[in-house]
Amino acid sequence: MNWLTRLIPTIGTSKSKSKVPDGLWSSCPACESVLYAPELEKSLFVCPKCDHHLRIGARKRLDMFLDGGKYKEIAADLVTKDPLKFKDTKNYTNRVKDAIAASGENEAIVIASGKLESMPVIVAAFEFRFMGGSMGGVVGEKFVQGVEEAIKTKRPFICFSTSGGARMQESMISLMQMAKTSAALQKLKAQDLPYISVMIDPIYGGVSASLAMLGDINIAEPDALVGFAGRRVIEQTVRVELPDDFQKSEFLLKKGAIDMIVHRKNLRVKVHGLLAKLHKK
């Protein structure tokens, strides 16, 4: 055994395994600080060093937001089909299978019925790990069924949106969901039921151009990127260099495009406070 293998036994021919469990440590994508998983979870997945809001899954979001992490899922049995038999470098059916394996979800949105500070609510949460949170026919249908449940039970509706936009593999079917979800929200408004939209980094395309911006109150997390087209696309089109903070939630708040920015640790209290004022019981 040479000096190097004595010093670092995991290098070379040694088969000893690290005693540190997988997933116990991670790094902040903003400041690159090493983060201890249990402490990170306590901080709601916000970096304690730089306050960067890390991306989290839909169910983790629901667990953190709803009382006791308890909820009943709505429209859980809806699954994506391949009506156009679409194929690019891979069959759409196979892409969906890969997305299910990567995310553990059967679609890019989860709809839940639960309570927020003892107030009954319906909550939608997008799952970005499922094909970039893209909106296809099933995502739109699940969203609409969530709105219909809110109308039926006279509950406020809250949506956490993070998406790359409409799902190209479904062509016009996906684009139609913009109108479909917008029409459903109009029905919710007609019943005097509040809709709170919370925009999560990143949120782009057809989702940002429809349901994400239609809240009675539009909220974003700090430093969330929100827009329709991406920064590079806009710069190449208009041939103008954009500000460094362009499309960040702070920029949008300054320009009046959103109503407020709320830190993740304050979201439960803030949204409940808004609903207490808006919701006519």
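Calculation criteria
- Residues numbered from 1 in each chain as written.
- Predicted model: local features only at pLDDT ≥ 70, side-chain atom pairs only at ≥ 80, totals over all residues.
- Heavy atoms only, no water.
- Salt bridge = Lys/Arg side-chain N within 4 Å of Asp/Glu carboxyl O.
- Helix = DSSP H or I, 4+ residues; strand = E, 2+ residues; numbered from the N terminus.
- Buried < 20%, exposed > 50% of the residue type's maximum accessible area, 1.4 Å probe, protein only.
- Patch = residues over 30% accessible without salt bridge, like charges linked within 9 Å, V, L, I, M, F, W, Y side chains within 5 Å.
- Areas by Shrake-Rupley, 256 points an atom, 1.4 Å probe, with all protein chains shown as cover.
- Contact = heavy atoms within 4.5 Å.
- Polar contact = N/O pair within 3.5 Å; in protein donor to acceptor, adjacent residues only side chain to side chain.
- Pairing = 2+ DSSP bridges.
- Axes fitted to C-alpha atoms, helices over the stretch in contact; angles between N-to-C directions.
- Parallel < 35°, antiparallel > 145°, perpendicular 65-115°, else oblique.
- Nonpolar A, V, L, I, M, F, W, Y, C, P; charged D, E, K, R; others polar.

Participant: What exactly am I supposed to notice about the pattern of salt bridges here?
Facilitator: Evaluated as defined, the whole model comprises 16 salt bridges. Its salt-bridge partner being arginine 59, residue glutamate 73 comes within 2.9 Å of it at the nearest N-O pair. On the criterion of sequence distance, the pair formed by glutamate 73 in strand S3 (residues 71-74) and arginine 59 in helix H3 (residues 58-65) is long-range, its members being 14 residues apart. Taking relative accessible area as the criterion, arginine 59 reaches 27% and is therefore assigned partly exposed. Two residues, arginine 61 and glutamate 221, come together in a salt bridge whose shortest N-O distance is 2.9 Å. Pair noted here: arginine 61 is in helix H3 and glutamate 221 is in the loop between strand S8 (217-220) and helix H8 (231-238), with a separation of 160 residues, a long-range link.

Participant: Just to check I follow, could you spell out a nonpolar patch on the surface for this structure?
Facilitator: On the surface, Trp25, Val34 and Tyr36 cluster together into a nonpolar patch covering about 320 Å² of accessible area. Checked against the element boundaries, tryptophan 25 lands in strand S1 (residues 25-27).

Participant: When you look at the environment of threonine 162 in this model, what are you seeing that I'm missing?
Facilitator: Inspection of the secondary structure assignment puts threonine 162 in strand S6 (residues 157-163). Overall, the relative accessible area of 6% leaves threonine 162 in the buried class. For the pair formed by threonine 162 and glycine 57, sequence separation is 105 residues and the distance between their alpha carbons is 9.9 Å. If near-sequence neighbours (up to four positions away) are discounted, threonine 162 is found in contact with Phe126, Phe128, Gly132, Gly133, Ile200, Asp201, Pro202 and Ile203. Only 2.9 Å separates the side chain of threonine 162 from the backbone oxygen of proline 202, close enough to count as a polar contact.

Participant: Please explain the pairing of S8 as it appears in this structure.
Facilitator: Within a regular beta strand, the side chains point alternately toward one face of the sheet and then the other, so they alternate between its two faces. What you see with S8 is no split at all: Ile217 and Ile219 on one side and Asn218 and Ala220 on the other are buried throughout. As judged from the four bridges shared by strand S7 (residues 195-203) and S8, these two strands associate in the parallel manner. Residue pairing across strands places methionine 199 opposite alanine 220, the latter belonging to S8.

Participant: How do you make sense of the packing of H3 against helix H10 (residues 267-278) when you look at a structure like this?
Facilitator: Between two packed helices, both the angle of their axes relative to each other and the distance between the axes serve to describe the pair. Relative to each other, H3 and H10 sit at 70°, their axes nearing to 10 Å. By the angle between their directions, the pair H3 and H10 is classed as roughly perpendicular. In this structure, H3 uses Arg61, Met64 and Phe65 to contact H10, whose residues at the interface are Leu267, Arg268 and Val271. Among the residues forming the contact of H3 with H10, the class breakdown is four nonpolar, no polar and two charged.

Participant: Help me understand the side chain of serine 161 in this model?
Facilitator: Tracing the chain through its elements places serine 161 in strand S6. Not counting the four nearest positions on each side in its chain, serine 161 is found in contact with Phe126, Val198, Met199, Ile200, Ile203, Val207, Leu211 and Ala212.

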